[in-house]
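Analysis of the macromolecular model
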Amino acid sequence: MNMIRDEIRHFFVIPAILGVIGGLAAYGFRWLVKAFESLYILLDFIHRDTFYLISMPLLFWVSHVLISKYLRNHTNVTIDEIAKKISMMSGKFSFVKGFLVLFLTSLSIGFGVPIGREGPIAKLGGLLSEIFLIGLKVQRINLPIYLSAGVSAAIAATFNAPIAGIIFGIEIIIGRINTYIVIPLIVATATATLIAREFIGDYTAFYVPHMTYDEAYYPYFPLAGIFFALVTFVLGWSLKRFRKIRRRYWTYWPYVVVVLGFLVGGLIVLVPEVQGVGYDYVNEVYGDLFNAGNVFAIMLAKLVALILSIGSGIFGGLMSPSIFIGSFGGYWLGDVFAQFGGSFDPRVFALVGSAAMLAGVTRAPLRSSIIIAELTHSYQLLLPILITSAVTAYLMSKTESGSYFKRSLLQKGIDIENENVDAFLDTCTLSGMVEEAAPLHPDTSLKRIGKIFRKAHTNYLAVVDDSQKLIGVISLRDVRKSGMFKTKKLTVADLMSPHPFAIHEEHKKEDLYKALSMLNANYIPYVTEDGTYLGMLNMGKFLKELTLHQQSVELRDEVINL
């Protein structure tokens, strides 16, 4: 009876409450934005767009002062940062930062700053969920599940996209996916979506007409993916440069933000469409209310305004502006393609462009595709959306070493975006972590294998040919599978896994990322460039050295800062 009670509590009661929290968080944030929009109208004594030339510099300066005074960590709140917090620290959200982010972001959006709202809403959902869970005193093993459910609920309510919310939750806790995790995510996101629809309304974010495409479009979807990979690269590179400049010239930054605010205000005066989240203008794109020349100028202005705003250090999301940039850029691109390829509907490329741009920013093509399909109810375009998003995400992943494995490595406490981790992987010498382990030969019998494993200190053994070239690995799991065979005359060759993954002497960082992410082995074969077996790399020792190096560098940096 107690077991059934605990299961109902885990699968339904707690997730439903977290769903209510996430839904109300999304609604509350929107209410705040509308309140600040009304405040802006009240303060606008000029009653012209030129008031932005006054309000933006002042807003940027106030944000900088508050962030500098009350926060030790000045980094922007993004979906990735929240996922990292849950994966590596099981939450521990800062109350001060959470509510300051809520205030400043809603203030900024209400006053017309061209930023998104998803990061702050997810942060608020996570923070409120953590407060509730601390009071409930849930088991620590379940805490990442519930926090993921709370954040996913807020995302689902924000975008009216429950499936995308579930996928986001799965991405956070990737590597441990099972029904025990998925059902709470479903209950939380569904509840949050129902709450949001009750208070905000059940409507699509964009009013997209039914659009069709044919085989003539297909060659152009990958080209669109390449284009948006380039745009995303420009955005990412620019924001990284701003972060470096901000650290270097921090003393002068209170003056710099005023200039940046003035520039953003000027862009809004020249191109009013870039202000705020901009979903109303995206609707006009799908209504064919812009011409191709205008949409390109608007896309460019939005991109520059976003870079200046986030680059200044102001808090805000990237997802909503990415959808805006992708929609306007895609419409323009569709018109360009029509000049060469015939009769194309540019709105089709506006839709796939919004998903591609979002996938490039988040490096999450599946989640991005589902969000756009759910936001627009354009499921008939899901295939081109997926194709374009995959191309953009792939190209962007090539610009960052190890980005394929970032999510799964976070589950093991390894943050590849940490400079100390990156430095260790660049300089570490693996030969000192390689242990001698006698390899097996393909013709070794099953009986002999068992005796060898009893003496071995590892669950994995290498298999080599007569010239000592690595040809396979065999594990205790492979031995367990021997019961599936009807004959007992089995050898290593029958049970081994051929063409195994191995670490080479001249290895790349990507090889280590893959080993840490994809394999659960405590030992991995270590070979020369021509495949000659040298020994087994002790992954436990490798992780220990990585951890100690990271800790020593962080302690040293703290001493220097003191």
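Residues numbered from 1 in each chain as written. Predicted model: local features only at pLDDT ≥ 70, side-chain atom pairs only at ≥ 80, totals over all residues. Heavy atoms only, no water.

**Brief notes about the confidence of the model for the protein chain**
Scored by pLDDT, the protein chain comes out at a mean of 87, with 96% of its residues at no less than 70. Mean pLDDT in the protein chain bottoms out at helix α23 (residues 539–561), which sits at 68, and peaks at helix α10 (residues 253–270), which reaches 96. (pLDDT = per-residue confidence, 0-100. Helix = DSSP H or I, 4+ residues; strand = E, 2+ residues; numbered from the N terminus.)

**Focus on the nonpolar core**
Counting residues in each nonpolar core, the largest one holds 124 residues, and the members touching the most others are Phe159, Phe206, Phe328 and Phe349. Beyond its immediate stretch of four places on either side in the chain, Phe159 contacts Glu118, Tyr279, Met319, Ser320, Ile323, Ile371 and Leu375. Of all hydrophobic cores here, the second largest spans 22 residues; its members include Phe424, Leu430, Ala521 and Ile524. (Core = buried A, V, L, I, M, F, W, Y, C linked by side-chain atoms within 4.5 Å. Buried < 20%, exposed > 50% of the residue type's maximum accessible area, 1.4 Å probe, protein only. Contact = heavy atoms within 4.5 Å.)

**Comments concerning a nonpolar patch on the surface**
A cluster of nonpolar side chains, namely Ile4, Ile8, Phe12, Val13 and Ile17, defines an oily patch on the protein surface of about 420 Å² accessible area. Judged by relative accessible area, which is 42%, Ile8 ranks as partly exposed. (Patch = residues over 30% accessible without salt bridge, like charges linked within 9 Å, V, L, I, M, F, W, Y side chains within 5 Å. Areas by Shrake-Rupley, 256 points an atom, 1.4 Å probe, with all protein chains shown as cover. Salt bridge = Lys/Arg side-chain N within 4 Å of Asp/Glu carboxyl O.)

**Some points on the environment of Asp466**
With respect to the helices, strands and loops of the structure, Asp466 is situated in the loop between β2 (460–464) and β3 (470–475). Note on Asp466: relative accessible area 77%, which makes it exposed. Residues Asp466 and His441 lie 25 residues apart in sequence; the distance between their C-alpha atoms is 7.9 Å.

**Some remarks on the pattern of salt bridges**
A side chain with one charge can pair with a side chain of the opposite charge if their charged atoms come near. By the definition in use, this model includes 3 salt bridges. Of the charged contacts in the structure, one is a salt bridge between Arg5 and Asp6, with a shortest N-O distance of 3.7 Å. The exposure class assigned to Arg5 is exposed, which follows from its relative accessible area of 52%. A salt bridge links Asp288 to Arg347, with the nearest nitrogen and oxygen atoms 3.8 Å apart. Remark: Arg347 occurs in helix α14 (residues 346–362) and Asp288 occurs in the loop between α11 (279–286) and α12 (292–311); sequence separation between them is 59 residues. Note on Arg347: relative accessible area 17%, which makes it buried. The network of salt bridges with shared partners includes Asp288, Asp345 and Arg347.

**Section: the sheet that holds β3**
Pairing within the open sheet is antiparallel, and its 3 strands lie in the order β2-β3-β4. Strands at the two margins of the open sheet, each flanked by one partner only, are β2 and β4 (497–498). Looking at chain direction, β3 and β4 are connected through 2 bridges and run antiparallel. Opposite Val473, over in β4, you have Ser497 as the bridge partner. (Pairing = 2+ DSSP bridges.)

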